[in-house]
Number of protein chains: 2
Amino acid sequence: MMPRATACPDVVGDLQVFKASFFKALAHPVRIGILEELVRREMSVQELQSALGLEQPLVSQQLSVLRTNNVIAGRKEGVIVRYRVRDRLVGDLLDVARAIFNNQLTGTQDLLKQLRKQSRRPLS
Amino acid sequence: MMPRATACPDVVGDLQVFKASFFKALAHPVRIGILEELVRREMSVQELQSALGLEQPLVSQQLSVLRTNNVIAGRKEGVIVRYRVRDRLVGDLLDVARAIFNNQLTGTQDLLKQLRKQSRRPLS
DNA sequence: TCTATATATTGCAATATTCGAATATATAAT
DNA sequence: ATTATATATTCGAATATTGCAATATATAGA
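This one's a predicted model, so the numbers in the text were calculated from it and none came from an experiment. Per-chain numbering applies: the sequence of each chain, read as written, is numbered from 1 onward. Just so you know, chain letters begin at A and ligand numbers begin at 1, following the order they were written in. Only residues with pLDDT of 70 or above have their local features reported here, since the model is predicted, and side-chain atom pairs are shown and tallied only from 80 upward, although totals for entire chains, interfaces and linings are computed over all residues. In computing side-chain values, all of the structure's heavy atoms are included and hydrogens and water are not.

### Some words on the pattern of salt bridges
Moving on, step 1. The salt bridge definition used is simple: a Lys or Arg side-chain nitrogen within 4 Å of an Asp or Glu carboxyl oxygen. With the rule as written, the count across this model stands at 14 salt bridges over all chains.
Moving on, step 2. Across the pair Glu-36 of chain A and Lys-19 of chain B runs a salt bridge, and its minimum N-O distance is 2.4 Å. Residue Glu-36 of chain A is found in helix α2 (residues 29-38), and its partner Lys-19 of chain B is found in helix α1 (residues 14-26); the two belong to separate chains.
Moving on, step 3. Given a relative accessible area of 10%, Glu-36 of chain A falls into the buried group.
Moving on, step 4. Partly exposed describes any residue whose relative accessible area lies between the buried limit of under 20% and the exposed limit of over 50%, with all areas from a 1.4 Å probe on protein chains only and scaled to the type maximum. Judged by its relative accessible area of 3%, Lys-19 of chain B is buried.
Moving on, step 5. Here Asp-95 of chain A and Arg-98 of chain A are joined by a salt bridge, their closest N and O atoms 3.1 Å apart. Taken together, the residues Asp-95 of chain A and Arg-98 of chain A, both in helix α5 (residues 89-104) and three residues apart, mark about one turn of the helix. Residue Asp-95 of chain A shares its accessibility class with Arg-98 of chain A, and that shared class is buried.
Moving on, step 6. Each of Lys-19 of chain A together with Glu-36, Asp-95 and Arg-98 of chain B takes part in salt bridges that share partners, so that together they form one network. A helix here means a DSSP run of H or I that spans at least four residues, while a strand means a run of E at least two residues long, and both kinds are numbered starting from the N terminus.

Next comes the structure, spelled out in structure tokens:
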């Protein structure tokens, strides 16, 4: 049976459930990493693997979560699958999120430095 | 012991973990509902309760998650606690998300109608 | 066909989240 | 001190997610 996005009180609307599952799709460190790459350019699984330094099954697994939630789409080119973000607005979403983190992280200097190092979508 | 935001491969950076836990904080239907209210105006727990039609402990519980993740803050006024969104950008984030949902939902007419009905931040 | 390469899926134990019920705390009024 | 009201926390069973290992599939070339 189709796994429900979230078990939750039925007093809460379908729309909220839908929105929540979208955010849930982003709510994983590896998936964030993947998206930050894909927002810049289309990439194959291999490229993601080496860009992130992760094992292939882990990457495929998390790609599958993003695919299921319609955040990304993949097109097959022979034996290679190239993934891309489905909606350019996802880039904007990550930008706004980054701005929020920036305000929020005052204090933890390490993370702040890392955050600032991230170029603000130079390509695209 | 401080609960870790996410159990995850240590090959993934602290910053990604941090970002993921922010999105995780939004990744719940009730919490989305709460935020959509708070983005418009500061509200007490009671007001949220009746606006959303939820039990008090559930609301307090989810408020606590949002508080812990620094998404909202509450100030005490006597016996009443009024909550507000910590960063105005959260409103922008929800707006971008709404735009993405809007693009994504072509097909499921019911949800689409509901989504469009939501006024685009009339106050604030 | 056999092999190599790229990607996807499955199984499962460990861990985390959820939500409702019960209970706790804090403030104000009588 | 008692009561009432507003909010917060704790407990626990049901459920969901995670991550690793193993395995599966699909395509291309020899």
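### Overview of unusual backbone geometry
Moving on, step 1. The backbone phi angle of Asn-70 of chain A is positive, close to 60°, even though this residue is not glycine.
Moving on, step 2. For Asn-70 of chain A, the position within the fold is in the loop between α4 (56-68) and β2 (72-77).

### A look at the packing of α2 of chain A against α4 of chain A
All names here are of chain A.
Moving on, step 1. Between α2 and α4, the least distance of the axes is 10 Å, while the angle of their chain directions is 80°. It follows that α2 is roughly perpendicular to α4 by the angle criterion. Where α2 approaches α4, its residues Val-30, Arg-31, Ile-34 and Leu-35 are matched on the opposing element by Leu-58, Val-59, Gln-62, Leu-63, Val-65 and Leu-66.
Moving on, step 2. Charged residues are taken to be Asp, Glu, Lys and Arg, nonpolar residues to be Ala, Val, Leu, Ile, Met, Phe, Trp, Tyr, Cys and Pro, and polar residues to be all remaining types, Gly included. Classifying every residue of the contact of α2 with α4 gives eight nonpolar, one polar and one charged. Interaxial angles span 0 to 180 degrees and are taken between N-to-C directions of axes, which are lines fitted to C-alpha atoms, for helices over the stretch in contact. To sort the angles, those under 35 degrees are grouped as roughly parallel, those over 145 as roughly antiparallel, those from 65 to 115 as roughly perpendicular, and the leftovers as oblique. Contact between two residues is taken to exist if any of their heavy atoms lie within 4.5 Å; hydrogens are not considered.

### Let's talk about the interface of chain B and chain A
Moving on, step 1. Taken together, the contact between chain B and chain A spans 47 residues of the former and 47 residues of the latter.
Moving on, step 2. Buried area: the sum, over both parts, of the accessible surface (1.4 Å probe) that disappears when the two are put together. For the pairing of chain B and chain A, the buried interface totals around 4100 Å² over both sides, and the portion due to carbon and sulfur atoms is 78%.
Moving on, step 3. Considering only the surface of chain B that becomes buried against chain A, Leu-15, Phe-23 and Pro-29 of chain B emerge as the three largest contributors, covering 16% of it.
Moving on, step 4. Inspection of the chain B/chain A interface yields two salt bridges.
Moving on, step 5. Any N or O atom pair separated by 3.5 Å or less is treated as a polar contact, with the protein-specific requirement of one donor-capable and one acceptor-capable atom, and with residues adjacent in sequence counted only for side-chain atom pairs. Across the contact surface, chain B and chain A share six residue pairs in polar contact (both at pLDDT 80 or more).
Moving on, step 6. Residue assignment for the side of chain B that touches chain A shows that the elements contributing at least two residues are α1, α2 (29-38), α5 (89-104) and α6 (109-117) of chain B.
Moving on, step 7. Among the elements that line the side of chain B that touches chain A, the one with the most residues is α5 of chain B, at 13 residues.
Moving on, step 8. Classifying every residue of the side of chain B that touches chain A gives 29 nonpolar, eleven polar and seven charged.

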